[in-house]
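Reading the structure
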Amino acid sequence: MNAAAPSIPSTAPAVPAYPLLSGQKALVTGANSGIGRGVAMAMGQAGADVCVNYVDGDEAANAVVAELLGLGVKAFAYQADVSDEQQVAAMFRAAVTQFGTVDILVANAGLQRDAAFHQMTLAQWNTVIGVNLTGQFLCAREAVREFLRRGVVPTVSRAAGKIICMSSVHQEIPWAGHANYATSKGGIKLLMESLAQEVAQQRIRVNAIAPGAIRTPINTSAWNTPAAYRQLMTLVPYGRIGEPEDIARAAVWLASDQSDYVVGTTLFVDGGMTLYPGFATGG
Ligand code: BGC
């Protein structure tokens, strides 16, 4: 040990012996499939109660709820279109009624409506911006309102609340044929950062996860044949597709006090997709 080292007491949280999210209440949007489903389950495994938001697919949502209840946490499904202001407000009221509060929002709901730019309809544009970007605004706004109302409860978390915006590698990587989607994800980046800056003083932590290619229904055609998978792997230095659990583990960490000093960051969970893989051999 270096005797000269200054003895500044650490204010970083110790690793707790109990589940990372014990006693916390999470709301996960788009939680009946894909990444959202994985995140909802991981939140439950970490001890959080979970509101499982979905828009279509009651059966899948009820199945996630049943699995969560099996873990011994509370859970309920709530159908709401995240791009609809009234429905989002009603969903947060329901979560507060059921759980007492919301500590964690994972704004995950997202979709693609791909088209060549010259053929892209206004409906395709508006649907993607509405769900992926406006939906994050509406959900984050309700979450911030609840966090400000409640404030910090030190026995629950060091923060008054945590928001995790599900972004994409396409907040950085331009994507031909997907201008609406890439625009929505680029928007999430500055929405997240501006909000993080605005509410940090109130001890609300806002961060994002940028997944790469994850094995979910949104991108089935990118991995469900050997040829497609081989093609996809030319974009992924780590040499495998991501699984929803890869994102879910990152979300639990970002929601927990283990990441208490992480504010306004985008965590790329992409197997290196943003490392310009073409330059591994070229350039
Ligand atoms: C998209 C997927 C795509 C991945 C990597 C995601 O944000 O939704 O369709 O496979 O980015 O390009």
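Residues numbered from 1 in each chain as written. Predicted model: local features only at pLDDT ≥ 70, side-chain atom pairs only at ≥ 80, totals over all residues. Heavy atoms only, no water.

Comments concerning the pairing of strand β3 (residues 75-79)
Test applied: The pairing criterion is simple: DSSP has to find at least two bridges between the two strands. Numbering of helices and strands runs from the N terminus, with a helix taken as a DSSP run of H or I at least four residues long and a strand as a DSSP run of E at least two residues long. Orient the strands so they point away from the viewer; a crossover is then right-handed if the path from the first strand over the helix to the second runs clockwise.
As paired strands, strand β2 (residues 49-54) and β3 are joined by five bridges and run parallel to one another. Pairing of C51 across the sheet is with F76, part of β3. Between the parallel elements β2 and β3, the chain passes through helix α2 (residues 58-70) in a crossover that is right-handed.

Looking at the side chain of T216
Defined as follows: Note on contacts: a residue pair qualifies if any of its non-hydrogen atoms lie within 4.5 Å across the two residues.
Of note, T216 is situated in the loop between β6 (204-211) and α6 (226-233). Non-local contacts of T216, meaning those with residues more than four positions away in its chain, are made with G34, I35, W223 and P244.

Topic: the site of the ligand
Short version of the rule: Only heavy atoms are used to decide nearness, and a residue is near a molecule or strand if one of them lies within 4 Å of it. Polar contact is the term for a pair of N or O atoms within 3.5 Å; when the atoms are in protein, one must be able to donate a hydrogen and the other to accept it, and sequence-neighboring residues count only if both atoms are side-chain atoms. Cavities and pockets were defined on a 1 Å grid built from protein atoms only: a cavity is a group of points that admits a 1.4 Å probe but offers it no way out, a pocket is an open group of points flanked by protein on both sides within 12 Å along at least five of seven lines, and a lining residue is one with an atom within 4 Å of any such point. Molecule-in-pocket calls rest on the fraction of atoms, with more than half required to lie within 2 Å of the cavity or pocket grid points. Here the term charged refers only to Asp, Glu, Lys and Arg, the term nonpolar to Ala, Val, Leu, Ile, Met, Phe, Trp, Tyr, Cys and Pro, and the term polar to all other amino acids, Gly among them.
Inspection of the region around the ligand gives Q112, S168, H170, W175, Y181, G212, A213, I218, N219 and M273 as its neighbouring residues. S168 places a side-chain nitrogen or oxygen 2.7 Å from an oxygen atom of the ligand. Measuring from an oxygen atom of the ligand, one finds a side-chain N or O atom of H170 at 2.7 Å. Comparing atom positions with the cavity grids shows the ligand to sit within the largest pocket. Classifying every residue of the shell around the ligand gives five nonpolar, five polar and no charged.

Let's talk about the sheet that holds strand β5 (residues 161-166)
Note the threshold: In this description, a line fitted to the C-alpha atoms serves as the axis of each element, helices being fitted only across the stretch in contact, and the angle between N-to-C directions of two axes falls anywhere from 0 to 180 degrees.
Strand order in the open sheet formed by seven strands is β3-β2-β1-β4-β5-β6-β7, and the pairing between neighbours is parallel. Both outer strands of the open sheet, β3 and β7 (266-269), are each paired with one neighbouring strand and no more. Strand-to-strand twist across the sheet, computed as the mean angle between neighbouring axes with direction ignored, equals 20°. The strands touched by helix α1 (residues 34-45) within the sheet are β1 (25-28), β2, β4 (104-107), β5 and β6, with β1 carrying the most contacts at an inclination of about 175°. Across the sheet, helix α4 (residues 122-150) touches β4, β5 and β6, and the angle it forms with β5 is around 170°.

Considerations on the pairing of β1
Here is the rule we go by: Each residue is placed in one exposure class: buried if its accessible area under a 1.4 Å probe, protein chains only, is under 20% of its type's maximum, exposed if it is over 50%, and partly exposed if it falls in between.
Burial along β1 is two-sided: K25 and L27 and A26 and V28, pointing in opposite directions, are all buried. Where β1 meets β2, four bridges bridge the pair, whose relative direction is parallel. What sits directly across from K25, in β2, is D49. Both β1 and β4 contribute to a ladder of three bridges, which runs parallel. Within the sheet, the bridge partner assigned to A26 lies in β4 and is I104.

Section: the pattern of salt bridges
Which entries qualify depends on this criterion: Each salt bridge in this description consists of a side-chain nitrogen of Lys or Arg and a carboxyl oxygen of Asp or Glu lying within 4 Å of one another.
Per the stated rule, a full pass over the model turns up 13 salt bridges. D260 is the salt-bridge partner of R203, the closest N and O atoms lying 3.8 Å from each other. Of this pair, R203 sits in the loop between α5 (179-199) and β6 while D260 sits in the loop between α7 (244-255) and β7; the two residues are 57 residues apart in sequence, bridging distant segments of the chain. Taking the shortest distance from any N to any O, the salt bridge between D246 and R240 comes out at 2.9 Å. Note on D246: relative accessible area 17%, which makes it buried. Take R240: its relative accessible area is 37%, and that puts it in the partly exposed class. Here the residues in one salt-bridge network are R158, R203, R205 and D260, joined through shared partners.

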